[in-house]
Structure formats: C-alpha cells, structure tokens
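Examination of the molecular architecture
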Amino acid sequence: MVVLLLMCAYLPARDFPFMFDSVGNITGNSNIRVTSLSTTNLYKAAMSNHGGFRPIPYLTFALNYYFSGADPGWYRIVNIFIHLTNIILLCCILFHLLKSYIDKKYLRYLPAILALFWGLHPTASQSVTYIVQRMNSLMALFYLLTLLFYILARQKKKPLLFIASGVSFLLAILSKENAAILPVIIWLIELYFFAPDSKRFFKKSLPYIAGVMALLATIYIFNSNEIGVFLQSGYAQRSFTMAQRVLTEFRVVIYYLSLLFFPYHNRLTIDQYFTPSTSLLSPMDTFVSLVLIITLIVFAAARFKKNRLISFGIVFYFVTLIIESSVIGLELAYEHRLYIPSIGLLFVLAGIVTALPSFFEKKSVQRLSIALSAALVLSFTYNTYMRNMVYRDTVTFLEDAISKAPKRARLYNNLGNEYKKLARLAQDKEKRSEYLDKAEGWYLGAIRVRPDYGEAYNNLGNLYRKKKQYKAALSSYEIAMEYLPKSKYILNNYATSLRDFMRYDDAKYYLKKALSIDPCYQTAVLNMVTVYEYENDSERARKVLKKLISCQPANIIPYASLANILIREDAEKDAISLMEQFIERNPGSEYVSKAKLVIEDLENNH
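Note that the structure is predicted; figures quoted are calculated from it, not measured.

**Quick word on the overall build of the chain**
Check the secondary structure of the chain and you find 31 helices and 0 strands. Principal-axis analysis of the C-alpha atoms gives the chain an extent of 95 × 50 × 50 Å. Counted over contacts in the chain with a minimum sequence separation of 6, partners at least 24 positions apart contribute 67%. As displayed, the chain offers around 30,000 Å² of accessible surface, 62% of which is attributable to carbon and sulfur atoms. Seen as two clouds, the 68 positive and the 46 negative side-chain charges of the chain have centres 13 Å apart.

**Focus: helix 1 (residues 2-10)**
The complete set of buried residues in helix 1 reads L5, L6, A9 and Y10. Down the axis of helix 1, the buried side of the element spans an arc of 115 degrees, and every buried residue falls inside it. On its buried side, helix 1 packs onto helix 5 (72-98), helix 7 (110-120), helix 8 (125-128) and helix 19 (363-389).

**Structural notes on the state of the cysteines**
The tally for this structure, following the rule as stated, stands at 1 disulfide. Covalent S-S linkage joins C520 and C551, the inter-sulfur distance amounting to 2.2 Å. Here C520 is found in the loop between helix 26 (504-517) and helix 27 (522-534), whereas its partner C551 is found in helix 28 (residues 538-551), with 31 residues between them in sequence. What makes C551 partly exposed here is its relative accessible area of 32%. Of all cysteine sulfurs in the structure, the one in C92 sits closest to C91, which takes part in no disulfide; the separation is 5.8 Å. Taking relative accessible area as the criterion, C91 reaches 23% and is therefore assigned partly exposed.

**Points about the pattern of salt bridges**
Inspection of every chain in the model, using the stated rule, returns 27 salt bridges. In this structure, the salt-bridge partner of E533 is R568, at a minimum N-O distance of 2.4 Å. Pair noted here: E533 is in helix 27 and R568 is in helix 29 (residues 556-568), with a separation of 35 residues, a long-range link. A single salt-bridge network, built from bridges that share partners, covers R238, D271, E331, R408 and R410.

**As for the side chain of N29**
Looking at where N29 falls in the secondary structure, it is placed in the loop between helix 2 (21-27) and helix 3 (39-46). Here the side chain of N29 touches N25 through a polar contact of 3.2 Å, landing on its backbone oxygen.

**Description of a negative patch on the surface**
On the surface, E580, E584, E600, D601 and E603 cluster together to form a negatively charged patch. The residue E603 is located in helix 31 (residues 592-605) in this model. Since its relative accessible area comes to 47%, E603 is described here as partly exposed.

**Some remarks on unusual backbone geometry**
Here S282 and P283 are connected by a cis peptide whose omega angle stands at -5 degrees. Within the secondary structure, P283 sits in the loop between helix 14 (242-261) and helix 15 (285-302).

**What to know about the side chain of T129**
One can find T129 in the loop between helix 8 and helix 9 (134-156). Only 2.6 Å separates the side chain of T129 from the side chain of N388, close enough to count as a polar contact. Non-local contacts of T129, meaning those with residues more than four positions away in its chain, are made with Y10, A13, R76, N388 and Y391.

Here is what the cut-offs are and how they apply
- Residues numbered from 1 in each chain as written.
- Predicted model: local features only at pLDDT ≥ 70, side-chain atom pairs only at ≥ 80, totals over all residues.
- Heavy atoms only, no water.
- Helix = DSSP H or I, 4+ residues; strand = E, 2+ residues; numbered from the N terminus.
- Contact = heavy atoms within 4.5 Å.
- Areas by Shrake-Rupley, 256 points an atom, 1.4 Å probe, with all protein chains shown as cover.
- Lys, Arg positive; Asp, Glu negative; His and termini not counted.
- Charge placed at Lys NZ, Arg CZ, Asp CG, Glu CD.
- Buried < 20%, exposed > 50% of the residue type's maximum accessible area, 1.4 Å probe, protein only.
- Arc of directions from axis to C-beta.
- Disulfide = S-S within 2.5 Å.
- Salt bridge = Lys/Arg side-chain N within 4 Å of Asp/Glu carboxyl O.
- Polar contact = N/O pair within 3.5 Å; in protein donor to acceptor, adjacent residues only side chain to side chain.
- Patch = residues over 30% accessible without salt bridge, like charges linked within 9 Å, V, L, I, M, F, W, Y side chains within 5 Å.

Structure follows, in structure tokens:
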C-alpha cells in the first residue's frame, strides 16, 4: 500500500524537466557526466563541490548519469526509492523506541501509520521531486541509519552496531552538513529512552557537555576571524543581516509548524517569502512567535516525566532546525528543511495515544481513528500529487511561486530568464519576439518589486542588446553598476555595450576592472581580445590570451583563440606548437582529438 500511494503521488512527475539548482549541479556539471566507472572519474564527480562539500550525493548523480544519461525520470525514480527507504527506516526506529511506551497491539500498526503520514506529507515533496534535493533525502537516509544502528546497538549490546552507526554518521555528514547535529540527537535519545535515572545521566553528561563547549569555544577563539568571515560571507548577497535572520527565524519556525498541521498544496512553494524582522516588535508576530517557541519548550520540559514521547517530539523538532534556522547566512525558509524535523511531530502523536489509553480502547474511537487516518493519508497523497504537478515545466513552476510570493523579486527575474531561454530556442520569429517581450515584462516586474535589484537591470540590459536596443541596454547596465559596482559580469556586459558604440577605450577600462576582480574571467578576456583585434593590436590580444592559458591550462578555448590569431599572422608552426602544448598538458581531455585535427589540418596546409 505504501508503494502504491507513493507511486500515485510521485510517479506522474517522473519525466518533468530539471530545474534551477538541478541544472547547475547535474546537467550543467561536466564532472558528473561519467562514461566509465573508473576511480578517477568517480572521485572527480564526488569532488564537484557545487554548493558545499557533499561527495556522496554527487557520486550518486554520476552513477545516475552513467546508467541513464540525462533522463530526469531515472533521477526521480532513485529519489523516490531513497524516500521509500527512509519511510522503512523511520518505521523501524519508531517501532524500537515506542515498544517501551505503548501496548503491543498498537505497536503492530502505529509505527507504520506514523511513518506513512511522514512519507506522504506534502512538505516532503521538495526533497523528492526537486531532483537536486537528493542531497537532503540522502542525508536523511544515513541520518536515520545512524539512529537505527545506535538504537539497536543499545538494545542488543552489539559493539559492531556502534561502528555501523559511526560510519553512517560520516556518510550523513558527507551528504549534507546539517547532519552534524546527530550527536545531540543521540544524546537526547539516551536521555529520553535509555537512561534509567535521567537526573543521574544528565549529571554524568555535564563534564562531557562542558568539554565539548570548551572545545568549541577554543576553536572559536583561535579561529574567530575565519569563522566571522565565513558567517558574514553568507550575507554578502542577502537583503538581511545576521541579526535580522535570527529574529526572522522565530517566525519561520512557527510557520513551518503551520505547514505540518495544514499542508494544503497551495501553501507550498519553492521560495517562501518573509519580510526580515528588524526587531522583536517589528513585525509584531516576531515576538508572538518567540513566546510560542518558549511556551513549547517549557511545555516539553514540564512533560519530560509525565509523557516523554510528547516532550521528545517537541525538543527533536527544535533541535533539528538549529543549524539551518540560526546564524548561518542561508535563505530564510525552504520546505525541504522540514524533512527531518517533521519526525518530531510523529512522537507527539504517539505521545497523545499513550496519554489516553482508555480513550483509545473504545471501539468507536478506534473506528474513528482508522477513518481519520485513512482520510489523512488520502489528503496527503492528493496534496503531494498536486504539488508535484507544478514541476511540469519551469514557467508553470515559477508562475505558481510568484502567485504565492508576489513580493519575491528573484522569482520575477528567474521567470524573465526562462522566457529569454525560450526565445533563444524558438524557431518562429514572431514567437521569439513574443518571448522576449514577456521576458522584458518580468524583468521590469522584478525591478518594480525591488528597485535596487542590480541583477534584474543587468538581465534587462542583456535583453535590450539582444533586441538591438543598444542605448536602452547601456542605460540598464549603468543602473545595474550603481547597485552592484563590483560585479564582474555587469562590468563585462557594460564594456561589451560600449564596444557596440565603438567606444573602445571605455570598453577596455571596464574590462580591466572586471579582470581586476577575476583575472581568469574567460568572457572578459575574450571580449578584450575582440577590442584589441578591432584596434589591430594583436600583440596585446596574444598577451591576454597567454595569461588566460596560464590560469586555465585545461581550457581549450584560449588555446584555440590564440591559435587563430597566430594562423592569421601566418605563424602556423607556433599554432601547431600551441596545440601540442595543450595535448601534453591535458592528455585525458575530451578536446585532445580536436586539437589533433587542428594540428593535422595545419600541417597539411603548410
């Protein structure tokens, strides 16, 4: 039944395309496009490092590519299989932790029902259907394995299971960094489920807790500058400060709870929008949310002796959100962050069952419970299915997100990018013009929502250049530079626009500024070469290309560009030598065959 319901909810979205981060991390990531399962290829794929050090998910992406190419359907099937495995693991964990608290007749089905609730809950869809979030669901798989092995090790007294738990923990960390909270969760499991005397256990733990705190404090003292730079770096592209993020997360954490209790598909979106809190009273729901959080934590503490399941569920929810809902400069809210914390709600539900044994003994209550559970499962399945249908194409996905977060400028900008991509692919001239007009409208919409949105002005400038409206392009780039003066992309684009007006000196000035930010910025180098060629200054063109080769020795493009200049200057021998240099430096490159063809052609012509 579990498999059937999962298939109903998720399989219809199987062949929907890759989107956003899934493109950059998978289809746009040459490292995972492996054609043989050699150690070198798999290591290179694992070390892709797009968005953090997460080698395990990238390794699975590479294996997916090897067996099924760039077919999104097979990536999603693997994601569904991971999710199904997580449901089974969670059922096992619930069984072993609940068996000391509930009657055996409930133990036969309650863990399975709770795990099914979790597996079909609509908030889980982002971790399954959004392909790149395999990082999250795969981390959860090893997270749950870590807990299960540990629980079994404690119950069966088998040391090998402790080792298995440690290995799973390492794999969880290598899948996604927020698994680092696992030692705290294990400590909580010891406190709530295994310590015969909780006070004594807590007192015995104090030296270890103090030791860990002292270690963390020492690390911070000796690395405070590096840690500070790391934390602040996350806020470089954010519209909120660290203090504002911490305050806003009080509201986010309570909002997450509302999604768990009322997961209607129209409330779910890729980009939840929150106006950053500037103080505890601005907006007022910041303070209200903090009071609710404190109330829940106090309630959990008060229920520690009377109903440990409810207490543990509440604490589990808050603890598992700590890393992604604290000081690290991440986006404010994403539904996939609920994938692990939502498990806490299952313990609360189990705690309610154990708190009212006589109530649930009544036949009428049992029949009502079965009917409500069935209705809930069907409701979750329907809402998960409806949420997944939004992934059918990027335009539908973004229009849905904008309807739910109309003040999120980034969504308008992304939709403009999508229409510009459709224009590039369109064969019909009228259709191409229509898509470009729609792209312009969405970029202008992004600017209306956020007037200081430099990236949208830059994209608008690119669009105007494509439409050959060069003066409008120049004006858009100038505004973009006001808001993002150190963007190498905008500086390069502005220089290119100046080149359209044959203002070569000005173009070189801004290209040099872009290259001062990133000396290996290929596009700016090639644009500089074009300007030098317009000025018949091949010596400087060769010089900048040689610099690019020195910092990108495995990149065929600067070699080819320099070879073309040498050929035009009748220096075929130098061009041949350059191609041979590329082959010598990069014997395993996919472009070696092309370099050999160039050499062969030059030798024949010579």
